[in-house]
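For reference, the chains in residue letters:
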Amino acid sequence: MRLSRRTRLAGVALLAVASLTMAACGGSDDSGSGSDIIKTRSGEPQNPLIPTSTNEVYGGNVINMVFAGLVSYKVDGTPENEVAESIESDDNQNWTIKLKKGWKFSDGTPIKAKNFVDAWNYGAAAKNAQLSSYFFDPIEGYAEAAAEGSKVETLKGLKVVDDTTFTVKLVSPQSDFPLRLGYSAYVPLPETAYDDMKAFGEDPVGNGPYKLAKKGAWEHNKQIALVPNKEYEGVRTVKNDGLTFVFYKEVESAYSDLQAGNLDVLDSVPASALQTFKDAKDIQPISKPGSVFQSLTIPDRLKHFGLDEEGKLRRQAISMAIDRKAICDKIFFGSRTPATDYGSPVLPDYSKDLTGSEVLQYNPEKAKDLWKQADAISPWDGTFEIAYNADDIHKGWVDASTNQIKNTLGIKASGAPYPTFDDFRKVVTDRSIKTAFRTGWQPDYPSLYNYLAPLYASNAADGKGSNDGDYKSKEFDGLVEKASTSKSDGERSTSLQQAEEVLLKDLPVIPMWYTNVTAAAADGVKNVEFNWANVPEYHLITKK
């Protein structure tokens, strides 16, 4: 994802102008040598830190600290203007965006409207093969720019008016367009980025509350060190002297370092500690409802799992052979909640009464019958495997799930571990993976649309987005498009829930559970608050 990462809430009013707040630098210098540097657990980012080509958690968390967009989100997901002075439209299709004056990149160069327009054009163009290109799909001209083999490099819906103003024409009226603009694909880039984009991704220059501590601050397979950006003039006031993302291959090692005082914040407690961490005396436990969605993706290119009658029967059987509640209780000690849909219970459009949701309930007898029906079409052969990255807390639930599948369906089933998240994501991204695999979603903003379109829409498949299973459905696409152009909350919610019901019939991805926030901080660490996306508000954390 960004566990993968990444729209829409109904009836979003135009965003109010936010007052400028100068980021506190805490007395640090550019070397990251202050006494209040926060060390937090992370992993090696999959790709260079290019905002439009980062769709996984580890890289995304860094980018969100190094860059600022037109909009940012408060702890509860409420949007507020950041670089934008105003985002306005009379018809929800033609938008005028004005920037606040005085914003600069961390190297001191001014931020202009052109920096946004050029970055969006770069992200959308097929020739640049950016993983988040589909985020520009609503803008006029995207279809031409994103077409395979296209040489179009600019979107005709984007126009620079002057240094602080640009306009956006969408393909249709979309009232919630401003809400999306806090996602990292929409941040500006300095002109120097285009000289060598890959090199820029190693040492990005942004406009967020932090910047890289020095050239080469990304020490691969070790850490990324950030310090406060003195040029930043946004709403996320930095309270510490710096932030270091320390890469761990095993969460258990991070937990041990936390207990020893060598790590300040751990965003995910290992399975081995879930039963005891709330009572631990040497750490500060954190537990609260969360918004992360976990799932099992079965690409339809796999033998026996096409989107035909046999494949759908086998997907249903796999889903109903898994006892989600038992795994949530026994493996995760109540830190997970069994999934009943493709979103999250914290969303305004959530429903636990979707047509077809019974396929997510444990029903071993029904699962056996469905598998038998599929065998009558084409006899099963081989082993059902679930791939996962072994540097996080997945082995336990994968082993439990495959044992349940094996015992219920009478087939061979097992886990297929990859050493690191990076190793795992590479085979998922290049489509060389030959098995089912674990997936998850950390939302980009609090909207059911964001849990659906980026993961299952046809235009996000084939490496163009986060549709890792390359699922394609005209019925699903039509309902998602209808939702994005709806004029009322009720209409939007109905269309999104109908789109979920299509997914429940096809099961391109099998929902597993929602991840609660189960985290911890070291003794003496203060102001650790997790936001709507299950991510710490890093800029607020202190040790003083």
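Each value, and the rule that gives it
- Residues numbered from 1 in each chain as written.
- Predicted model: local features only at pLDDT ≥ 70, side-chain atom pairs only at ≥ 80, totals over all residues.
- Heavy atoms only, no water.
- Pairing = 2+ DSSP bridges.
- Helix = DSSP H or I, 4+ residues; strand = E, 2+ residues; numbered from the N terminus.
- Axes fitted to C-alpha atoms, helices over the stretch in contact; angles between N-to-C directions.
- pLDDT = per-residue confidence, 0-100.
- Contact = heavy atoms within 4.5 Å.
- Buried < 20%, exposed > 50% of the residue type's maximum accessible area, 1.4 Å probe, protein only.
- Polar contact = N/O pair within 3.5 Å; in protein donor to acceptor, adjacent residues only side chain to side chain.
- Arc of directions from axis to C-beta.
- Parallel < 35°, antiparallel > 145°, perpendicular 65-115°, else oblique.
- Left-handed = near helix turned anticlockwise from the far one by under 90°.
- Nonpolar A, V, L, I, M, F, W, Y, C, P; charged D, E, K, R; others polar.
- Salt bridge = Lys/Arg side-chain N within 4 Å of Asp/Glu carboxyl O.
- Core = buried A, V, L, I, M, F, W, Y, C linked by side-chain atoms within 4.5 Å.

Caption draft 1: Structural view of the sheet that holds strand β5 (residues 94–99). One open sheet holds the four strands; their spatial order is β4-β5-β7-β6, and the pairing between them is antiparallel. Since the sheet does not close on itself, it has two edges, and those belong to β4 (84–89) and β6 (158–162), each with one partner. Geometrically, the sheet is characterised by an average inter-axis angle of 20° between neighbouring strands, direction not taken into account. As defined by bridge partners, β6 adjoins strand β7 (residues 165–169) across four bridges and the pair is classed as antiparallel. Its bridge partner being in β7, Val160 is matched across the sheet by Phe166.

Caption draft 2: Spatial organisation of the confidence of the model for the protein chain. Per-residue pLDDT for the protein chain averages 90, and the proportion of residues at 70 or more is 94%. Counted against residues more than four places away or in other chains, residues 1–32, with its pLDDT under 50, gives 144 contacts.

Caption draft 3: Up close: the pairing of strand β17 (residues 436–441). In terms of residue burial, β17 counts as a mostly covered element, since six of its six residues are buried. The alternating pattern of β17 places Ala436, Arg438 and Gly440 and Phe437, Thr439 and Trp441 on opposite faces, both of which are buried. The sheet contact formed by strand β13 (residues 283–297) and β17 spans five bridges and is antiparallel. What sits directly across from Ser295, in β17, is Thr439. The sheet contact formed by strand β15 (residues 383–389) and β17 spans two bridges and is parallel. Looking at the pairing, Ala387 lines up with Phe437 of β17.

Caption draft 4: Fine view of the side chain of Ser291. Its location among the elements puts Ser291 in strand β13. In this structure Ser291 comes out as buried when scored by relative accessible area, which is 2%. Within the local environment of Ser291, its side chain forms a polar contact with the backbone oxygen of Trp532, the two atoms lying 2.5 Å apart. Setting aside anything within four residues of it in sequence, one finds Ser291 in contact with Ser344, Val346, Trp441, Pro443, Tyr451, Thr515, Trp532, Ala533 and Asn534.

Caption draft 5: Up close: helix α12 (residues 448–456). When you tally the buried positions in α12, you get nine out of nine residues, the bulk of the element. The complete set of buried residues in α12 reads Leu448, Tyr449, Asn450, Tyr451, Leu452, Ala453, Pro454, Leu455 and Tyr456. Those residues of α12 hidden inside the fold are in contact with β13, β17, α13 (474–484), α14 (489–506) and β18 (509–522). Measuring from the side-chain oxygen of the N-cap residue of α12 to the backbone nitrogen of Tyr449 gives 3.2 Å; that N-cap residue is Ser447.

Caption draft 6: Quick peek at α13. Listed in full, the buried residues belonging to α13 are Phe476, Leu479, Val480, Ala483 and Ser484. Buried positions in α13, seen along its axis, are confined to an arc of 140° and lie on one side of it.

Caption draft 7: Seen up close, the packing of α12 against α14. Two elements in contact, α12 and α14, have axes whose closest approach is 10 Å; the angle formed by their N-to-C orientations is 45°. Compared by their axis directions, α12 and α14 come out oblique. Relative to α14, α12 is oriented so that their crossing is left-handed. Counting all contacts with α12, which are made through Leu448, Tyr449, Leu452 and Tyr456, the residues of α14 involved are Leu496, Ala499, Glu500 and Leu503. The class makeup of the residues in the contact of α12 with α14 is seven nonpolar, no polar and one charged.

Caption draft 8: View of the pattern of salt bridges. Counted under the stated rule, the structure contains 23 salt bridges. In this structure, Arg314 and Asp375 form a salt bridge, with 2.8 Å as the shortest nitrogen-oxygen distance. Of the two residues, Arg314 sits in helix α7 (residues 309–320) while Asp375 sits in helix α9 (residues 364–377), which places them 61 residues apart along the sequence. Taking relative accessible area as the criterion, Arg314 reaches 0% and is therefore assigned buried. Between Asp462 and Lys472 there is a salt bridge, with the nearest N and O atoms lying 3.1 Å from each other. Of the two residues, Asp462 is situated in the loop between α12 and α13 and Lys472 in the loop between α12 and α13; the sequence distance between them amounts to ten residues. On the basis of relative accessible area, Lys472 is assigned to the partly exposed category, the value being 41%. Members of the salt-bridge network, linked through shared partners, are Arg41, Asp267 and Asp392.

Caption draft 9: Structural detail: the packing of α12 against α13. At a minimum axis separation of 11 Å, α12 and α13 run at an interaxial angle of 140°. Taken together, α12 and α13 sit at an angle that is classed as oblique. For the crossing formed where α12 meets α13, the hand is left-handed. Contact with α12, carried on its side by Tyr449, Leu452, Ala453 and Tyr456, involves Phe476, Asp477, Val480 and Ser484 of α13 and no other residues of that element. Residue composition of the contact of α12 with α13, by class: six nonpolar, one polar and one charged.

Caption draft 10: Main features of the environment of Gly356. Tracing the backbone through its elements, the reader meets Gly356 in the loop between β14 (336–338) and α9. Taking relative accessible area as the criterion, Gly356 reaches 18% and is therefore assigned buried. A C-alpha to C-alpha distance of 48 Å links Gly356 and Ala260, two positions 96 residues apart in sequence.

Caption draft 11: A look at unusual backbone geometry. Non-glycine residue His304 carries a positive phi angle of around 80°. Looking at the element boundaries, His304 is found in the loop between β13 and α7. For His304, a relative accessible area of 8% translates into the label buried. For Arg431, which is not a glycine, the phi torsion comes out positive at approximately 65°. By secondary structure assignment, the location of Arg431 is in the loop between α11 (421–429) and β17.

Caption draft 12: Just the nonpolar core, in detail. With 154 residues, the main nonpolar core has Trp120 and Phe384 as its most contacted residues. With eight residues, β18 is the largest single contributor of residues to this core. Beyond its immediate stretch of four places on either side in the chain, Phe384 contacts Leu296, Ile298, Phe305, Ile318, Ile405, Ile411, Lys412, Ala413, Ser414 and Ala436. Ranked by size, the runner-up nonpolar core spans seven residues in total, among them Ala387, Ala416, Phe424 and Ile433.

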